[in-house]
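Below are the chains, spelled out letter by letter.
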Amino acid sequence: MLTIHAVATAEPIRWHPGMTLPDGVFWLDLCRPDDAELRGVEALTGLTLPTREEISRIGLSRRNRGDGQTLHLQMPLPREGELAVASPLGIALNERYLVTLHYAPSAFIDAAALALQEDGEPSSATVAFARLLEATIDTFADSLQEIAADVAQLSDQIFVSQRLRTPELHGLMLDVGRLEGRLARLRPSQLGFARMVGFIEHCPPAWMADAACRRLRVIGNDLKSIDEFDEQLTEKLQFLLDAILGFINTTQNMVMKLLTVASVATIPPILFAGIWGMNFSHMPELAPVWAYPAALATIGLSALLPLLWFWRRGWLARD
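Because the structure is predicted, anything quoted here is derived from the model rather than measured.

Residues and numbers for the overall build of the chain, please.
Secondary structure summary: the chain contains eight helices and seven strands in total. The proportion of buried residues among the 319 residues of the chain is 38%. In the chain, of all internal contacts separated by at least 6 residues, the share reaching a separation of at least 24 is 63%. A total accessible area of about 18600 Å² is found for the chain, and carbon and sulfur atoms account for 58% of it.

Below you can see the structure in the form of structure tokens.
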């Protein structure tokens, strides 16, 4: 699908074969393009567009480059869903045209196109590119804010006055993992975006206006804030994970203390029962009639006395 943005049209135009292009075309967006769309864009712009394999390469050294006239940039786009894989985005920018090439719908592209329609400034390839970068930063910020809200809600669920049982803590631990997964899926895109912005800041083409360079510097500062926010969220998630593990360890310690108290309390009864269960012919204390009830009472008292001592020490509290 080829979407065309032109100065003469207020809204984007969907291209179809045989269509006459309007005047003032400055942005051509290719989403899952076919061969006819690729050839049409190359014929119009004079650019050689990369293949999907080329913009998907993991080698960082060739992702961003320039030949003096055209900037060739790449970054992975984050995808929604826990099992979604990042989709590559290729960008070609010169003084006249902005060409974006991607193989999955992108919230960045949609937000940039909407911003171009809403603002009243004259549109050009560099303006559209700046809008694309600003939309990317805004999308990153919105995603991190959503994660931050979920982290705050998760924190409220963990730090409560009543004791949480182990299955509940296990479920909260899974929530921490899911939030960390959402952050992890954003980081490759943030890294690719940071490398792209840094490349342009350090190697701006001669034809790029000063206003666009200033907007790039603002975007670079915003990106630093995004990275700091991401780091804070990562540290908060690690703190919550440590807290959950601490609660689980505390629960296990309580169980071990209960078992220890029970084992110590049963030692004296076992000792007395073992003595009176010996097979001796002469045990004077067993001869009287009251001997059996007295033995049972002694065994019971020997169990109650340690429990009473534990209670006085506070070891038999509700925990």
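Describe the sheet that holds strand β4 (residues 65–66), with residues and values.
Taken in spatial order, the seven strands make up an open sheet running β2-β1-β3-β7-β6-β5-β4, and their pairing is mixed. This sheet does not close on itself; its edge strands, each paired only once, are β2 (13–14) and β4. Summarising the sheet, strand β1 (residues 2–6) and strand β3 (residues 25–31) pair through five bridges and their orientation is antiparallel. Each bridged residue has a counterpart across the sheet, and for Ile 4 the counterpart in β3 is Leu 28. Across the face of the sheet, helix α1 (residues 35–45) comes into contact with β1, β3 and β7 (98–102) while running at roughly 160 degrees to β3. Strands in contact with helix α5 (residues 166–202) are β4, β5 (71–77) and β6 (87–93); relative to β5, the strand with the most contacts, it is inclined by about 165 degrees.

I'd love a proper account of the confidence of the model for the chain, names of residues and values included.
With 88% of its residues at a pLDDT of 70 or more, the chain has an overall mean of 79. The element-level mean pLDDT for the chain is lowest in helix α2 (residues 52–55), coming to 71, with helix α4 (residues 125–158) highest at 86.

Which residues make up the packing of aromatic side chains, and what values go with them?
Applying the stated criterion across every chain, the model contains three aromatic pairs. For the pair Phe 159 and Phe 239, a centre-to-centre distance of 5.8 Å together with 20 degrees between the ring planes defines the contact as stacked. Residue Phe 159 is located in the loop between α4 and α5, and its partner Phe 239 is located in helix α6 (residues 210–265); the two are separated by 80 residues in the primary sequence. Arranged with centres 6.1 Å apart and planes meeting at 65 degrees, the rings of Phe 159 and Phe 247 form a pair that is edge-to-face. You can see Phe 159 sitting in the loop between α4 and α5 and its partner Phe 247 sitting in helix α6, a full 88 residues away along the chain. Here a set of aromatic residues connected by ring pairs shows up, and it is made of Phe 159, Phe 239 and Phe 247.

Kindly report on the pattern of salt bridges, identifying the contributing residues and their values.
One pass over the structure, following the stated rule, counts six salt bridges. Linking Arg 178 and Asp 175 is a salt bridge whose minimum nitrogen-to-oxygen distance equals 2.3 Å. Note that Arg 178 and Asp 175 are positioned in helix α5 at a spacing of three residues, about one turn of the helix. On the basis of relative accessibility, which here comes to 24%, the residue Asp 175 falls in the partly exposed class. Each of the salt bridges in this network shares a partner with another, and the network as a whole consists of Arg 131, Glu 134 and Arg 215.

Calculation rules
Residues numbered from 1 in each chain as written. Predicted model: local features only at pLDDT ≥ 70, side-chain atom pairs only at ≥ 80, totals over all residues. Heavy atoms only, no water. Helix = DSSP H or I, 4+ residues; strand = E, 2+ residues; numbered from the N terminus. Buried < 20%, exposed > 50% of the residue type's maximum accessible area, 1.4 Å probe, protein only. Contact = heavy atoms within 4.5 Å. Areas by Shrake-Rupley, 256 points an atom, 1.4 Å probe, with all protein chains shown as cover. Pairing = 2+ DSSP bridges. Axes fitted to C-alpha atoms, helices over the stretch in contact; angles between N-to-C directions. pLDDT = per-residue confidence, 0-100. Phe/Tyr/Trp six-rings, centres within 6.5 Å; stacked < 30°, edge-to-face > 60°. Salt bridge = Lys/Arg side-chain N within 4 Å of Asp/Glu carboxyl O.

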